[in-house]
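Chain by chain, the residues run as shown.
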Amino acid sequence: MELTSPALTLDTLRARVLSCSKCPLSESRTNVVFGEGDPSARLMFVGEGPGEVEDETGRPFVGPAGQKLDEVLASVGIDRARVYITNVVKCRPPGNRVPTRSEMEACFPYLEAQIALIKPGLIVTLGNTSTQWLLPSAPGITKSRGTFFTWRGGILLLPMFHPSYLLRYPSRERGSPKYLTWLDIKKVREWLDTGKAPVGG
Ligand code: URA
Ligand code: SF4
């Protein structure tokens with residue numbers, strides 16, 4: 001079935017991705033990490049690629065970075081089960097290296113199909129890799145985080161720091177990555193509550 005077929009569903013797409021060997025990451029993975037959450041979520045998170053625990057379990061953001069993400073969501077009362085969470089590449093890059101351009105190219109049709117099926121109103125990109133992949137013209141993450149962009153003319157896109165970056169910088173002082181992430185997740189909360197992207201800040 002074509003990825004753009006009207007008959008495609010998240011379940012048939014998942015089945016297909018689980019047996020994918022389009023790129024060399026298929027040779028080193030333990031499990032494909034397709035993504036999980038509410039299939040009709042308004043809010044979707046896109047990370048870089050599975051880490052070790054994700055590769056072992058087949059679930060996105062369940063290792064240390066995932067626990068940090070859960071904390072960030074909980075700080076504004078967002079339940080992880082009500083959002084959709086996935087990554088640019090569905091198989092773990094060995095040693096957690098950044099996925100290559102050709103790996104991301106090979107995997108991207110799956111993310112595009114997930115977005116087309118879920119139809120989120122807002123995509124939050126976590127970290128530089130997914131931000132620059134979806135929006136090549138965006139400035140680096142330190143500049144782009146907290147700014148609302150639009151993706152392909154429709155869906156809002158908000159870059160945020162990757163949760164693993166927060167693990168490296170424990171400070172909560174004004175201006176710290178954690179502080180800035182708290183400002184950003186409050187904007188997400190506001191968008192969920194009002195349907196509007198907050199201006200400024
Ligand atoms: N880092 C990511 O980018 N994605 C995961 O699923 C886990 C860690
Ligand atoms: Fe297929 Fe994507 Fe896994 Fe590569 S990373 S093997 S393209 S599912």
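Residues numbered from 1 in each chain as written. Chains lettered and ligands numbered in written order. Predicted model: local features only at pLDDT ≥ 70, side-chain atom pairs only at ≥ 80, totals over all residues. Heavy atoms only, no water.

1. Notes on the site of ligand 2
Phase 1: Close to ligand 2 lie Val 17, Cys 20, Lys 22, Cys 23, Leu 25, Ser 26, Arg 29, Lys 90, Cys 91, Ala 106, Cys 107 and Tyr 110.
Phase 2: Looking at the shell around ligand 2, the elements with two or more residues in it are helix H2 (25–28) and helix H5 (101–118). (Near = heavy atom within 4 Å. Helix = DSSP H or I, 4+ residues; strand = E, 2+ residues; numbered from the N terminus.)

2. A closer look at the side chain of Lys 178
Phase 1: Position of Lys 178 relative to the elements: it lies in helix H9 (residues 177–194).
Phase 2: A polar contact is formed between the side chain of Lys 178 and the backbone oxygen of Pro 170, at a distance of 3.4 Å.
Phase 3: Discounting chain neighbours no more than four positions away, the residues touching Lys 178 are Lys 68, Leu 166, Tyr 169, Pro 170, Ser 171 and Arg 172. (Polar contact = N/O pair within 3.5 Å; in protein donor to acceptor, adjacent residues only side chain to side chain. Contact = heavy atoms within 4.5 Å.)

3. As for the packing of aromatic side chains
Given two aromatic rings, one states the distance between the centres and the angle between the planes to describe the pair.
Phase 1: By the definition in use, this model includes 4 aromatic pairs.
Phase 2: Summarising the aromatic geometry, the rings of Phe 161 and Tyr 165 are spaced 4.8 Å apart at their centres and angled 45 degrees between planes, so their arrangement reads as tilted.
Phase 3: Assessed through its relative accessible area of 5%, Phe 161 is described here as buried.
Phase 4: Among the residues examined, Tyr 165 registers a relative accessible area of 25% and is labelled partly exposed.
Phase 5: Linked through ring pairs, Phe 161, Tyr 165 and Tyr 169 together constitute an aromatic cluster.
Phase 6: Cation over ring: Lys 22 sits above Tyr 110, and NZ or CZ is 4.7 Å from the ring centre.
Phase 7: Between the NZ or CZ atom of Lys 186 and the centre of the ring of Trp 182, over which it lies, the distance is 3.7 Å. (Phe/Tyr/Trp six-rings, centres within 6.5 Å; stacked < 30°, edge-to-face > 60°. Buried < 20%, exposed > 50% of the residue type's maximum accessible area, 1.4 Å probe, protein only. Lys NZ or Arg CZ within 6 Å of the ring centre and 35° of its normal.)

4. A few points about the site of ligand 1
Phase 1: In the vicinity of ligand 1, the residues found are Gly 47, Glu 48, Gly 49, Gly 51, Glu 54, Pro 60, Phe 61, Asn 87 and His 162.
Phase 2: Phe 61 places a main-chain nitrogen or oxygen 3.0 Å from an oxygen atom of ligand 1.
Phase 3: Separating a nitrogen atom of ligand 1 from a side-chain N or O atom of Asn 87 is a distance of 2.7 Å.
Phase 4: Look at ligand 1: alone it shows 240 Å² of surface, and the protein chains cover 92% of it.
Phase 5: Classifying every residue of the shell around ligand 1 gives 2 nonpolar, 5 polar and 2 charged. (Areas by Shrake-Rupley, 256 points an atom, 1.4 Å probe, with all protein chains shown as cover. Nonpolar A, V, L, I, M, F, W, Y, C, P; charged D, E, K, R; others polar.)

5. Regarding the sheet that holds strand E3 (residues 84–87)
Phase 1: Here 6 strands make up an open sheet; going across it, the order is E1-E3-E2-E4-E6-E5 and the pairing mixed. At either margin of the open sheet sits one strand with a lone partner, and together these are strand E1 (36–37) and strand E5 (149–151).
Phase 2: Alignment of strand E4 (residues 122–126) against strand E6 (residues 155–160), held across 5 bridges, turns out to be parallel. From the neighbouring strand, Ile 123 faces E6, where its bridge partner is Leu 157. (Pairing = 2+ DSSP bridges.)

6. A short note on the pairing of E6
Phase 1: Judged by how many residues are buried, E6 sits mostly within the fold: 6 of 6 residues are covered.
Phase 2: Burial along E6 is two-sided: Ile 155, Leu 157 and Pro 159 and Leu 156, Leu 158 and Met 160, pointing in opposite directions, are all buried.
Phase 3: The hairpin formed by E5 and E6 contains 3 residues between the paired strands, and Arg 152 there has a positive phi angle of roughly 50 degrees.

7. Things to note about the environment of Thr 125
Phase 1: Residue position: Thr 125 is located in strand E4.
Phase 2: Residue Thr 125 is classed as buried on the basis of its relative accessible area of 0%.
Phase 3: In the structure, Thr 125 is positioned 71 residues away from Lys 196 in sequence and 18 Å away in space, judged by C-alpha atoms.
Phase 4: Contact partners of Thr 125, with chain neighbours within four places excluded, come to Val 46, Ser 130, Thr 131, Leu 134, Leu 157, Leu 158, Pro 159 and Met 160.
Phase 5: Polar side-chain contacts of Thr 125 include one of 2.9 Å to the side chain of Thr 131.

By themselves, these observations are geometric and do not establish any function.
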